[in-house]
Every structure is written in structure tokens, then in C-alpha cells.
Amino acid sequence: MRTVIRRRVTRMISAFLFQPPLPISPKHQYSLLPLTTTQRFLTASHSFRTLSTKSIPNMQDSASVSYLSQREAAEIDETLMGPLGFSVDQLMELAGLSVATSVAEVYKPSEYSRVLAICGPGNNGGDGLVAARHLHHFGYKPSICYPKRTSKSLYTGLVTQLESLSVPFVSLEDLPENLSEDFDVIIDAIFGFSFHGAPRPPFDAIIRRLQTLQKRPVIVSVDIPSGWHVEEGDHEGGGIKPDMLVSLTAPKLCAKSFSGPHHFLGGRFVPPSVAEKYKLELPSYPGTSMCVRIGKPPKVDISAMRVNYVSPELLEDQVESDPVLQFRKWFDEAVAAGLRETNAMALSTTNKDRKPSSRMVLLKGFDENGFVWFTNYESKKGSDLSENPFAALLFYWEDMNRQVRIEGPVERISEEESENYYHSRPRGSQIGAIVSKQSSVVPGRHVLYDEYEELTKKYSDGSVIPKPKNWGGFRLKPNLFEFWQGQPSRLHDRLQYSLQEGNPAWIIRRLAP
Ligand SMILES: NC(=O)C1=CN([C@@H]2O[C@H](COP(=O)(O)OP(=O)(O)OC[C@H]3O[C@@H](n4cnc5c(N)ncnc54)[C@H](OP(=O)(O)O)[C@@H]3O)[C@@H](O)[C@H]2O)[C@@H](O)CC1
Ligand SMILES: Cc1cc2nc3c(=O)[nH]c(=O)nc-3n(C[C@H](O)[C@H](O)[C@H](O)COP(=O)(O)O)c2cc1C
Ligand SMILES: Cc1ncc(COP(=O)(O)O)c(C=O)c1O
Ligand SMILES: [K+]
């Protein structure tokens, strides 16, 4: 019996795969650009988040995205739910989750918590209900306007789930006159790819209201900006102008005329067979993310970019009297929070002309004797330090709203310590250190590469790779520390530890932010 079913399913899938595709819709090249800093806004609720699955929407240089006709979209829908074995509930759950994660990428709950999801009668409306549920769990305060409900159990279930979370349902009549005052984000989940003709009541009136909205609230359209022709877009003009469009599965043709700042793709469920059949060119989703930015990155107003830091207070009576112990505490907390390269620090030096210079290096150890890093003694920093053996170190642990400044005199560590550390490094990095006459001009990458290849061959027998004489460690012996904890309204905590001549005890003082 099971074999018969399996055979039948196999037949259905191959029938689908070998069926000639519909005429391919025009493809449009869209460049995919990396995440902008605006999307990395730190929020109150994220102050001490861990970094594990933080998504970085799209790190590809360029790629192209295909657009679907209305017929193709419907056909893919049927295929997914037919031979490919998906249920509508599943796809709707993934679609709604994609919408919620896209919203969360751009509109942080600290600023955009009040969300109104306006849900239409079909699956697009269902996506809106699911998105609202996820947004609730992400820390938003959603409300739902769902004027034309269906009695199908999928939908009644979604309503029950939202009701159990005390998400309010608002009737069209009870919607506030001025939506801008009550909501930060409107999710337009009215019509999706099965929309046709002109909007009929009661949705015509609400779409008209969305057309005339002022700057806020922002509008996020699910799959299709409601009222737009699925293929021709806002062909008569005067349609709604969403700030964000979350295309599902693949953008529909109307998305070509979307000119808002945020175009995302969601619906990470397209099996390769579907992509092949429809010659779909889709960007890859980064990491574990349910969404990916497509299209142009938003234009940002750099002067308006800012984060309001919210953190526990840093008080004099809570810190260690020894700054090295305090540093240890913060360093361990940063490591435990999963921050990347907790040991990366900016090193500032000056030359004999008192001209400063900064670069990142990796801290490789610290204790009461000082803070150690390794480098090339003949580099720019090496030469600066021989001219002026004083330096400043700076750590910035962004996700914890913390900064640490350390200053003091610098000296070379012993040859023995440098030897030991050098030989603990990966062999490739050891060879890299020989190849790189750090900070000197190189005619081209090939020069480095050729020498690297040659040395790799030379040491392929596993023999000891000698440390270059000019490579080794520096140790900064601090005479000043500052622990900075970001706070709201720029009233940060700054605790400075300093040493007075001839006195080994650290003096702790609070500095004005
Ligand atoms: N695989 C995928 O791609 C996935 C797709 N998913 C989602 O499904 C969406 C498509 O869903 P869908 O087919 O239910 O259609 P959708 O547009 O929501 O609503 C149709 C309803 O609107 C009505 N209606 C139509 N025109 C009208 C008018 N002028 N004025 C008034 N009413 C009008 C129509 O009524 P009718 O005209 O038939 O009487 C019917 O009740 C898609 O866009 C995506 O969001 C995801 O959930 C999962 C994965
Ligand atoms: C995160 C990070 C860590 C780095 N760590 C080191 C390091 O430990 N030692 C080093 O010599 N260069 C390191 N570099 C490279 C330096 O920033 C710099 O490019 C190089 O040392 C040359 O600097 P200089 O010309 O000012 O001497 C690092 C760069 C980054 C971005
Ligand atoms: C040029 C250079 N030297 C040294 C280092 C430190 O590397 P390691 O951790 O292998 O000592 C780095 C790290 O980025 C580097 O870029
Ligand atoms: K929509």
C-alpha cells in the first residue's frame, strides 16, 4: 500500500517537473547590496542580546531576481500544495514569519511597537494574522482589523491564537480617524496575488485611507501592495505607496514598480525543482534568516542615525577596586554574550611629530603586568612605538553598550614569549608573517601570494617555520582605564581609574558623559 502511494507521489512530482513551464516572465536585474548600518540599530530590548543567529540580510555582491506573473504565482502555489506535499497552514506560517522578521529587520519595536495588521479575505489576510502573532512574540503590540472573516478552521484557529494572546481586534468602524496617531506600522495584508479588478467594499475605503496617509505610520505590504494590479502595479497612479514590500516566494511583476526603500523577499521554502522549472533566480537567504533584502539599499540620513543606549547602571560601589579585575569581568561577560572578536581593540600610537595613528589589533593576553598584542616591529605602529613608547587601547563591545579605554607606556615582550606565541599560530599565519613586510608598499597581491606559495612548499614537510626577527609582541602597562556604559539621553556612566605618581592604589572617579 505504502509503495503504491510512494509511486503515485513520485509520478506526480515527475509529471510536475517535466511539464513545460508557462512562458517565462520577464526577468529584471536587481543589485543586492549589503546590510546598512540602519538595520543594525540596537534597541532597548536588544541591549544584552546574544549574537548567535543575528541575521545579516544579504552579503552578496550582486544577483538577479525573477518576477512572477499572476498565473505563475498561482501555479506555484498549487504545485507546492499539491505534488510537493505542503499544506496551506505550513506555507502561511512561513510566509507570516517571513513578514514579521522582515519588519523586525527594519522597524525596531523600541520605536515602532504599535502595529495594525489589516487582513483581507484570502491567504494574504492569513499571512497578516500569522505575522501579527510573531510580531507579538517579538515584543511589538499588534492590533488586527479583519473585516471579512472566513469560517475555515485555519482562519478561526489563527484568530483564536491571537485572542489568546490578548491581541485586540478592531472593527473598520472603530479604527481611529487618524491612523498616524495610534499606529507606527500598518501591515497591508488585504490582497495578494489573486486580486483582480478594482477593490470592492469594505476594502475600497480602507485602501483609500492608506493612500492618503502621512509619513507615519509606515506601511508594510505583504506580497502585493493592495489595490495594485498584480502584474502592472499601480498602473493608474494614486495607489498606496508602501515603505516596505515583502514579496513571498518570488516577487510578482508589480514589484518592479515598487520604489519604496525596503524590498524584502520571504518564503524560504522553494524547493530547487520549482526554482528550476520556473527558471527562478532567487537570492540566497543568509544564515538562518527567513528573509533577505532585495533591491536597492535605503537612502539613509546619516545625521539622523543614532542609538539610545539602555543598560544597567555602572555604579562606583559595584565595580572592582582593581581595574584589571574589572576588565576581566567585562571581558568574560562579552565572551559569554557571544560577541565576535571580543579581543579586537583599536590601538592608537603617535610618531615623533606627535601625529596619531589608529588600527585594530588582537589582544592576546592581559594580567597585572599589562596588555599584550603581536605585530611586526618594523610596521608603522612598530616605528611609532619606537619613536614614542606610549599608546592607547580601545575596546567597543557594541551589543553591550560598553567601551573600555586603556592607556600607558609600551614595551616589547621577551623574545622567548614571542617565539612561544608565534609557533602556536596556524602555520599559514606564520608564513604570512614572514611574507608580509608589514606597512610597506606592495606592487600587487601576486607578490605576496607567490612568496606564500613558495614558503608553503618549503615547509610542507612540517618542519619548524622560523619566526622573523622583526615579529613579536608589545605589552602596554596601563596607568589609566575608563569603563563606559551607555545610558539613555547620553547620560552615560564613565568610571575612570588612574594612578598617582608613587602610589600603587587606583583612584576611581566618575567623569561627565
Ligand atoms: N506559494 C505562495 O506563493 C504563498 C502564498 N501565500 C499568500 O497567499 C496569497 C494569495 O492568496 P489567495 O490566492 O487567497 O489570494 P488573496 O489575494 O489573498 O485574496 C483573494 C481574496 O480576495 C478577494 N478579492 C479579489 N479581488 C478583489 C477585489 N477587487 N475586491 C475585493 N475582494 C477581492 C477574493 O474574492 P473573490 O474575488 O474571489 O470573490 C478572495 O476572497 C499570496 O499573495 C500570499 O500572500 C502564502 O500564504 C503562502 C505561500
Ligand atoms: C580585527 C582586526 C585585528 C587585527 N589584528 C592585528 C594584530 O593582532 N596584529 C597586527 O599586526 N595587525 C592586526 N590587524 C591589522 C592591523 O589593523 C593593521 O592593518 C596592520 O597591523 C598594519 O598597521 P600599521 O601599518 O599601522 O602598522 C588587525 C586588523 C583587524 C581588523
Ligand atoms: C596582520 C595581522 N597580524 C596578526 C594578526 C593576529 O593574528 P593571530 O590571532 O593569528 O595572532 C592579525 C589578525 O587579524 C593580522 O591581521
Ligand atoms: K497585500
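Residues numbered from 1 in each chain as written. Chains lettered and ligands numbered in written order. Predicted model: local features only at pLDDT ≥ 70, side-chain atom pairs only at ≥ 80, totals over all residues. Heavy atoms only, no water.

Per an unreviewed UniProt entry, the protein goes by NAD(P)H-hydrate epimerase and derives from Brassica cretica. As its UniProt record puts it under Sequence similarities (unreviewed entry), the protein is described as follows: "Belongs to the NnrE/AIBP family." Note on the protein: under the UniProt heading Function (unreviewed entry), the record states "Catalyzes the epimerization of the S- and R-forms of NAD(P)HX, a damaged form of NAD(P)H that is a result of enzymatic or heat-dependent hydration. This is a prerequisite for the S-specific NAD(P)H-hydrate dehydratase to allow the repair of both epimers of NAD(P)HX." (UniProt positions renumbered as here; feature names shortened; annotations may be inferred.)

Visitor: Would you mind showing me how to read the site of ligand 1 here?
Guide: In the vicinity of ligand 1 lie 23 residues, with Asp127, Gly192, Ser194, His196 and Asp223 positioned nearest. The separation between an oxygen atom of ligand 1 and a polar side-chain atom of Asn124 is 2.8 Å. A distance of 3.1 Å separates a nitrogen atom of ligand 1 from a polar atom in the backbone of Arg200. Calculation on ligand 1 without its partners gives an accessible area of 950 Å², and the protein chains cover 84% of this total. Among the detected pockets, ligand 1 sits in the second largest pocket. (Near = heavy atom within 4 Å. Polar contact = N/O pair within 3.5 Å; in protein donor to acceptor, adjacent residues only side chain to side chain. Areas by Shrake-Rupley, 256 points an atom, 1.4 Å probe, with all protein chains shown as cover. 1 Å grid on protein atoms, 1.4 Å probe; cavity = no way out; pocket = protein on both sides within 12 Å on 5 of 7 lines; lining within 4 Å. Sits in = over half its atoms within 2 Å of the grid points.)

Visitor: Teacher, can you tell me more about the site of ligand 3 here?
Guide: Inspection of the region around ligand 3 gives Leu362, Lys364, Tyr421, Arg425 and Gln438 as its neighbouring residues. Lys364 places a polar side-chain atom, nitrogen or oxygen, 2.6 Å from an oxygen atom of ligand 3. Contacts to ligand 3 include Arg425, whose side-chain N or O atom sits 3.0 Å from an oxygen atom. For ligand 3, whose unbound accessible area comes to 400 Å², protein coverage reaches 53%. Its residues placed into classes, the shell around ligand 3 shows two nonpolar, one polar and two charged. (Nonpolar A, V, L, I, M, F, W, Y, C, P; charged D, E, K, R; others polar.)

Visitor: Looking at this structure, how should I read helix α7 (residues 203-211)?
Guide: The periodicity of an α-helix, 3.6 residues per turn, causes residues three or four positions apart to be oriented the same way. Of all the positions in α7, only Phe203, Ile206, Ile207 and Leu210 are classed as buried. Projection of α7 onto a plane perpendicular to its axis shows the buried side chains occupying an angular sector of 100 degrees, all on one side. (Buried < 20%, exposed > 50% of the residue type's maximum accessible area, 1.4 Å probe, protein only. Helix = DSSP H or I, 4+ residues; strand = E, 2+ residues; numbered from the N terminus. Arc of directions from axis to C-beta.)

Visitor: Explain the layout of surface pockets here, please?
Guide: To locate leftover empty space, one rolls a probe as large as a water molecule over the atoms. In this structure, the second largest pocket encloses a volume near 630 Å³. What lines the second largest pocket is a set of 33 residues, and nearest its centre among them are Asn123, Asn124, Gly192, Phe193 and Ser194. Where the lining of the second largest pocket is concerned, the elements lending two or more residues are α2 (70-81), α3 (88-106) and α4 (123-137). When residues in the lining of the second largest pocket are grouped by element, the largest group, five residues, is from α2. Of the residues assigned to the lining of the second largest pocket, the class counts are 20 nonpolar, seven polar and six charged. (Points joined across faces, edges and corners; volume = space filled by probe spheres on them.)

Visitor: Just to check I follow, could you spell out the sheet that holds strand β6 (residues 218-222) for this structure?
Guide: Two strands in a sheet stick together by hydrogen bonds in their backbones, pointing the same way (parallel) or opposite ways (antiparallel). The seven strands are arranged β4-β3-β5-β6-β7-β8-β9 in an open sheet whose pairing can be described as mixed. Each end of this open sheet is capped by a strand with a single partner; those strands are β4 (141-145) and β9 (291-294). Adjacent strand axes in the sheet meet at a mean angle of 25 degrees when their direction is disregarded. As paired elements, strand β3 (residues 114-119) and strand β5 (residues 185-189) share five bridges and run parallel to each other. The residue bridging Ala117 from the neighbouring strand is Ile187, located in β5. Here α3 sits on the sheet and contacts β5, β6, β7 (244-248), β8 (262-266) and β9; the angle it forms with β7, its principal contact strand, is near 150 degrees. (Pairing = 2+ DSSP bridges. Axes fitted to C-alpha atoms, helices over the stretch in contact; angles between N-to-C directions. Contact = heavy atoms within 4.5 Å.)

Visitor: Whenever I open this one, the packing of aromatic side chains confuses me. Can you help?
Guide: We describe a pair of aromatic rings using the distance from one ring centre to the other and the angle between the two ring planes. Summed over all chains, the structure comprises 25 aromatic pairs. Taken together through their ring pairs, the aromatic side chains of Phe327, Trp330, Phe331, Phe366, Phe371, Phe395, Trp397, Phe481, Phe483, Tyr497 and Trp506 make up a single cluster. Just above the ring of Tyr67 sits the side chain of Lys256; from NZ or CZ to the centre is 5.5 Å. A cation over an aromatic ring shows up here: Arg412 above the ring of Tyr377, its NZ or CZ 3.9 Å from the ring centre. (Phe/Tyr/Trp six-rings, centres within 6.5 Å; stacked < 30°, edge-to-face > 60°. Lys NZ or Arg CZ within 6 Å of the ring centre and 35° of its normal.)

Visitor: How do you make sense of the pairing of β5 when you look at a structure like this?
Guide: Put simply, side chains in a regular strand alternate between the two faces of the sheet. Most of β5 is tucked away, with five of its five residues classed as buried. Neither face of β5 is left uncovered, since the one carrying Val185, Ile187 and Ala189 and the one carrying Ile186 and Asp188 both have all their residues buried. Summarising the sheet, β5 and β6 pair through four bridges and their orientation is parallel. The partner of Val185 across the bridge, within β6, is Val218. Assessed by its sense of winding, the connection that carries the chain from β5 through α7 to β6 is right-handed. (Right-handed = clockwise from strand over helix to strand, strands pointing away.)

Visitor: It is not clear to me how helix α5 (residues 153-164) should be interpreted in this structure. Could you clarify?
Guide: Relative to the 16 Å expected for 12 residues at 1.5 Å per residue, α5 spans 16 Å between its end C-alpha atoms, a close match to the ideal helical length. Among the structural elements, α3, α4 and β4 are those in contact with the buried residues of α5. The first or second residue beyond α5 is Ser166, which carries a positive phi of 60 degrees. (Expected span 1.5 Å × (residues − 1).)

Visitor: Teacher, can you tell me more about unusual backbone geometry here?
Guide: Trans peptide bonds make up the majority, and among non-glycine residues the majority have a negative phi. In this chain, Pro201 is followed by Pro202 through a cis amide linkage whose omega measures 0 degrees. Positionally, Pro202 belongs in the loop between β5 and α7. Backbone geometry at Thr249 places phi at a positive 70 degrees, although glycine is not the residue there. Although it is not a glycine, Asn401 adopts a positive phi angle of roughly 55 degrees. For Asn401, the location among the structural elements is in the loop between β14 (390-397) and β15 (402-412). On the accessibility criterion, Asn401 (0% relative accessible area) is buried.

Visitor: Help me understand the coordination of the potassium ion (ligand 4), please; the structure alone is not making it clear to me.
Guide: Between any two of four tetrahedral donors, the ideal angle at the metal is 109.5 degrees; between two of six octahedral donors, it is 90 or 180 degrees. Distances from the potassium ion (ligand 4) to its protein donors, namely Asn124 (OD1), Asp188 (O), Phe191 (O), Val222 (O), Ile224 (O) and Ser226 (OG), fall within the range 2.5 to 3.1 Å. Given six donor atoms and angles of 70 to 165 degrees at the metal, the environment of the potassium ion (ligand 4) is assigned as irregular. (Donors = N, O, S within 2.8 Å, 3.2 Å for Na, K, Ca; no water. Tetrahedral: all angles 85-135°; square planar, octahedral: opposite > 155°, others 65-115°.)

Visitor: Could you clarify how one ought to interpret the environment of Val222 in this entry?
Guide: If you trace the backbone, Val222 turns up in strand β6. In this structure Val222 comes out as buried when scored by relative accessible area, which is 0%. Between the alpha carbons of Val222 and Ala131 there is a distance of 9.7 Å; along the sequence they are 91 residues apart.

Visitor: Just checking my understanding: could you explain the nonpolar core for this structure?
Guide: The nonpolar side chains of soluble globular proteins are, as a tendency, buried together. Leu116, Ile118, Leu175, Leu179, Ile190 and Leu210 are the most contacted members of the largest nonpolar core, which has 41 residues in total. Of all the secondary structure elements, the ones that give two or more residues to this core are α2, β3, α7 and α8 (272-277). With four residues, α7 is the single largest residue contributor to this core. Once residues within four sequence positions are removed from consideration, Leu116 is found in contact with Ser143, Ile144, Cys145, Leu175, Leu179, Phe183, Val185, Ile186 and Ile187. (Core = buried A, V, L, I, M, F, W, Y, C linked by side-chain atoms within 4.5 Å.)

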